[in-house]
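# Inside the fold
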Amino acid sequence: MAPWAALLFLLLAAAAGPLPLSVARQAPAVVISGGDLPGAVRLAPADADAFQRRLNQPPRYSQAPHVSGIFYTVATAYWDKAVRRADGEPSVDASADYYPAGGFVRTRQAGKDVWIVIDLRQRALLDRYIRLAKSGSISAEPGALEVAAAARDEPISVSAGGRLVMPAEAQAFWSAFAATGKARFFAEPRPPTTNASGGYWLAFSLPEGRVLTYFYDREAQTLTDSLGTEMYVVSPSLAAALPQPGGPALEIER
């Protein structure tokens, strides 16, 4: 698929809203600690869900690979799902060592080391949290949109109701969002109600190819992610800076 076609697909998908997702409960937590971090940092529920959404299991090594550089402790029940090949196998430790140089992960199963390597999308998530936590740019338990706002030095594109937002508009939004406050997390997923609210979807395309989607409810003045894991109350200053749907059409080079 040509680059412009892929971008057009993302914009059309954002205009229609996210595909329906069945989320019965929150994904297992993912917590990073150790290394040169000042303290532990917990992935936002939406990011923890994305980290564990992998079609296949990570490749497993029969022998320990050569690793170098600093490593971090990543605690999550996902490692059991990532390593075990059959129900009858021993369970896998929830705590693992993550080496950003190479993406290698070492955990333990029945007292023995097990080595796997995670993919580029999973690495991008962990590495973003590590970088921002080291610099003090995020709290110990940030929301996914808070993390994206702190990482806006990365190439993150924004669309509103399917319209690609221009850089100046995006900058105004990020600046206003920084003063909005913290995410409110739901104990159980509560996807946004989109009918008869007069709202629209905002989409944030991350460098690793993932898209964060939030519904702006005009009546309630809230931003809620598509999975229903976190919500932000929209202040008057943020409402004034929210990108609006419509406006100039996206020009695509041919």
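These figures come from a predicted structure and were not determined experimentally.

Definitions and cut-offs
- Residues numbered from 1 in each chain as written.
- Predicted model: local features only at pLDDT ≥ 70, side-chain atom pairs only at ≥ 80, totals over all residues.
- Heavy atoms only, no water.
- Buried < 20%, exposed > 50% of the residue type's maximum accessible area, 1.4 Å probe, protein only.
- Helix = DSSP H or I, 4+ residues; strand = E, 2+ residues; numbered from the N terminus.
- Pairing = 2+ DSSP bridges.
- Contact = heavy atoms within 4.5 Å.
- Axes fitted to C-alpha atoms, helices over the stretch in contact; angles between N-to-C directions.

Before going further, it helps to spend a moment on the pairing of strand β13 (residues 222–225). The alternating pattern of β13 places T222 and T224 and L223 and D225 on opposite faces, both of which are buried. One ladder, built from 4 bridges, connects strand β12 (residues 211–217) with β13; its direction is antiparallel. The partner of Y214 across the bridge, within β13, is D225. Hairpin remark: β12 followed by β13, antiparallel, with 4 residues in the connecting loop; positive phi at Q221, about 55°. Bridge count between β13 and strand β14 (residues 230–233): 3 bridges; the pairing is antiparallel. Within the sheet, the bridge partner assigned to T222 lies in β14 and is V233. Hairpin connection from β13 to β14: 4 residues lie between these consecutive antiparallel strands, with G228 at a positive phi of about 75°.

Our focus in this paragraph is the sheet that holds strand β5 (residues 95–99). Taken together, 7 strands build an open sheet; the order of strands is β2-β1-β4-β5-β6-β7-β3 and the sheet is antiparallel. In the strand order of this sheet, the two ends are held by β2 (41–42) and β3 (60–61), each with one partner. Pairing between strand β1 (residues 31–33) and strand β4 (residues 72–75): 3 bridges, direction antiparallel. Residue I32 lies in a different strand from β4, and its bridge partner there is V74. Where helix α4 (residues 120–134) meets the sheet, its contacts fall on β1, β2, β4 and β5, and the angle it forms with β5 comes to roughly 85°.

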